Each structure stands twice: as structure tokens, then as C-alpha cells.
Amino acid sequence: MLSEQVIVETAPRLVGRHGADALTVRRPGAAPGAGPSALYRYFHSTDDLVPAVADELIGRAQQGCRPTGEWRSDLCEPGLRVHAPYQAHPQAALLAAHRTTGRNNETRAVEAVLGVLRSAGFPDREAVRIHHAFVDQALAFAALDSAALALSASAQAADLQVWQHRYGRLDADTHPHVAATVRLPADDMRLSGCPFALELLLDAAAARLPGPAAGG
């Protein structure tokens, strides 16, 4: 039976197979076995569907998160979990990661992050600013890393080879710092920068936390 939930659960997989054109009136409605006009019973347009898909991915990122009562852990886990559903559906991530949905999963996530920050002792204005940076950074890395995954295998390999074939051959006289460290970036660039960036963000937030709890 077609439903709004079936559509949003199906859409990321369809985008992976067919690209952005999958989010048309015809394809998401037809995929679960319904007629092409069935989508209109749940969404006015494709632009209504994309935020719903974004909210579905946000919900998947929250699955399994368990509060610990320690603010850094309670931000670190969801901050890292954001990657999984977006990288599982990189084409959908490119369409949806930047959208503000106002739907249930997003509002639940906003409430949770603000709750962690306010409970830790951050003043409201500071909590809002850290929340903004936290969410934007997590989604930016999700979109960036998903864009890399969405490349063809040959393009991914070519990008990695640039570090060896271009940077690895730069003259130490003209690029001494690159030449001294080139083997490290070549290895590091194979991995996402998200975990370290999140660590840096949380370190910076801890330094702004009033009182003795800042060290926690």
C-alpha cells in the first residue's frame, strides 16, 4: 500500500539508481506499484518531497543514539552518525543535505542538541550558535563526502592519484612544506575529515563553557 512513509523510504534508493530525475511525479509514485498521480495525494510537488527525504535521512542518523548525560559524548555520537545514511545514499544526500525540513525528525534533532548544550551550562545564545555550527559542519561533511562517493570509481581513483602524481613530485625548493609532509596528506585524504573536525569543534565549544564543567 502506498503511503507518505513508503514514498520517502523508497526515494533515496531511487535517486541512487536514477539520479535527481527519480524525484519526479511519476517515478516515486510508480515505484511502490501505484499510478503516477498517486504522489499528489501526499506531496504537492517534487519540492515538497525533497525535504521529506531529507527528514527521513535525519531520522536514520538518529537511530540507535542513547543519551549518556555527558555533553561531549551526546554530541559526538549523532555528529558522527550523520554520515552513515547520507553515504549509504550519496545521490540523495546531494539533493537533501542542505534543506531545512521542519518535520518531525529534524525538530526532534534540534530539540535534542539544544537540550544537550543548555543542560551542559551553555547560555542560550551560545547554545544556539554552537548548535548552528555543529549542524552545518555535520551536514557539510555529509554532503562533501557523499559527493565524493557519488563520483565514478575512475574519478575517485584519479582524485587520489593527484596526491602522488602531482603533490608528490613538487620541488622542495618551491614547496618545502608540501614536500616535507606529502605522504601524510596522501594517506589522510583517503579518510573523511569529519571526525577530527568534530573533535576540534567540541574542543572549541568546551573552551567557551562557563564554570568548572568546561573540562568535561
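The structure this text deals with has already been given above.
Residues numbered from 1 in each chain as written. Predicted model: local features only at pLDDT ≥ 70, side-chain atom pairs only at ≥ 80, totals over all residues. Heavy atoms only, no water.

Draft legend 1. Representation of the pattern of salt bridges within the structure. With the rule as written, the count across this model stands at five salt bridges. A salt bridge links glutamate 56 to arginine 60; its shortest N-O distance comes to 2.9 Å. With glutamate 56 and arginine 60 both in helix α3 (residues 46–62), this residue pair falls four residues apart, about one helical turn. Since its relative accessible area comes to 22%, arginine 60 is described here as partly exposed. The salt bridge involving arginine 118 is made with aspartate 124; its shortest N-O contact spans 2.7 Å. (Salt bridge = Lys/Arg side-chain N within 4 Å of Asp/Glu carboxyl O. Helix = DSSP H or I, 4+ residues; strand = E, 2+ residues; numbered from the N terminus. Buried < 20%, exposed > 50% of the residue type's maximum accessible area, 1.4 Å probe, protein only.)

Draft legend 2. Region of the structure containing the packing of aromatic side chains. This model, assessed by the stated rule, comprises two aromatic pairs. Taking the centre distance of 5.3 Å and the plane angle of 85 degrees together, the rings of tryptophan 71 and phenylalanine 122 count as edge-to-face. Placement of the pair is tryptophan 71 in helix α4 (residues 71–81) and phenylalanine 122 in the loop between α7 (104–120) and α8 (124–150), with a sequence separation of 51 residues. Between the aromatic rings of tryptophan 163 and tyrosine 167, the centroid separation amounts to 4.4 Å while the plane-to-plane angle is 25 degrees, which identifies the pairing as stacked. According to the relative accessible area criterion, tyrosine 167 is partly exposed, its value standing at 32%. (Phe/Tyr/Trp six-rings, centres within 6.5 Å; stacked < 30°, edge-to-face > 60°.)

Draft legend 3. Fine view of the environment of proline 51. Inspection of the secondary structure puts proline 51 in helix α3. The sequence separation of proline 51 and arginine 99 amounts to 48 residues, and the corresponding C-alpha distance is 6.0 Å. Those residues within four positions of proline 51 in sequence are excluded, and the remaining contacts are Arg99, Thr101 and Arg103. (Contact = heavy atoms within 4.5 Å.)

Draft legend 4. α8, seen in detail. Taking 1.5 Å of rise per residue, the 27 residues of α8 would be expected to cover 39 Å, and the 38 Å separating its terminal C-alpha atoms lies within 8% of that figure. The complete set of buried residues in α8 reads Glu126, Ala127, Ile130, His131, Phe134, Ala138, Leu139, Phe141, Ala142, Asp145 and Ser146. Considering only its buried residues, α8 is in contact with α4, α5 (83–88), α6 (90–96), α7 and α12 (194–207). (Expected span 1.5 Å × (residues − 1).)

Draft legend 5. Spatial organisation of the side chain of histidine 83. As for its position among the elements, histidine 83 is in helix α5. We classify histidine 83 as buried; its relative accessible area is 9%. If sequence neighbours within four positions are ignored, histidine 83 has contacts with Phe141, Ala142, Asp145, Ser192 and Cys194.

Draft legend 6. Inspection of the state of the cysteines at higher detail. For the coordinates displayed, the defined rule picks out zero disulfides. Cysteine 76 supplies the cysteine sulfur nearest to cysteine 194, a cysteine that is in no disulfide, at a spacing of 8.9 Å. Taking relative accessible area as the criterion, cysteine 194 reaches 3% and is therefore assigned buried. (Disulfide = S-S within 2.5 Å.)

Draft legend 7. Expanded view of the environment of leucine 191. Within the fold, leucine 191 resides in the loop between α11 (183–188) and α12. In this structure leucine 191 comes out as exposed when scored by relative accessible area, which is 61%. When the C-alpha atoms of leucine 191 and aspartate 145 are compared, they prove to be 9.3 Å apart, with 46 residues separating the residues in sequence.

Draft legend 8. View of the packing of α4 against α7. Two elements in contact, α4 and α7, have axes whose closest approach is 9 Å; the angle formed by their N-to-C orientations is 160 degrees. As the angle between them shows, α4 and α7 are arranged roughly antiparallel. By crossing handedness, the relation of α4 to α7 is classed as left-handed. Seen from α4, the contacting residues are Trp71, Asp74 and Leu75; seen from α7, they are Val113, Val116, Leu117 and Ala120. Of the residues in the contact of α4 with α7, the class split is six nonpolar, no polar and one charged. (Axes fitted to C-alpha atoms, helices over the stretch in contact; angles between N-to-C directions. Parallel < 35°, antiparallel > 145°, perpendicular 65-115°, else oblique. Left-handed = near helix turned anticlockwise from the far one by under 90°. Nonpolar A, V, L, I, M, F, W, Y, C, P; charged D, E, K, R; others polar.)

Draft legend 9. Geometry of the nonpolar core. Of all hydrophobic cores here, the largest spans 16 residues; its most connected members are Trp71, Leu75, Leu117, Phe122 and Phe134. Breaking this core down by element, the ones donating at least two residues are α4, α7, α8 and α12. Not counting residues within four places of it along the chain, the set of residues in contact with leucine 117 comprises Leu75, Phe122, Ala127, Ile130 and His131. With twelve residues, the next largest nonpolar core counts Leu57, Val82, Tyr86 and Ala92 among its residues. (Core = buried A, V, L, I, M, F, W, Y, C linked by side-chain atoms within 4.5 Å.)

Any functional reading would require information that these geometric values do not contain.
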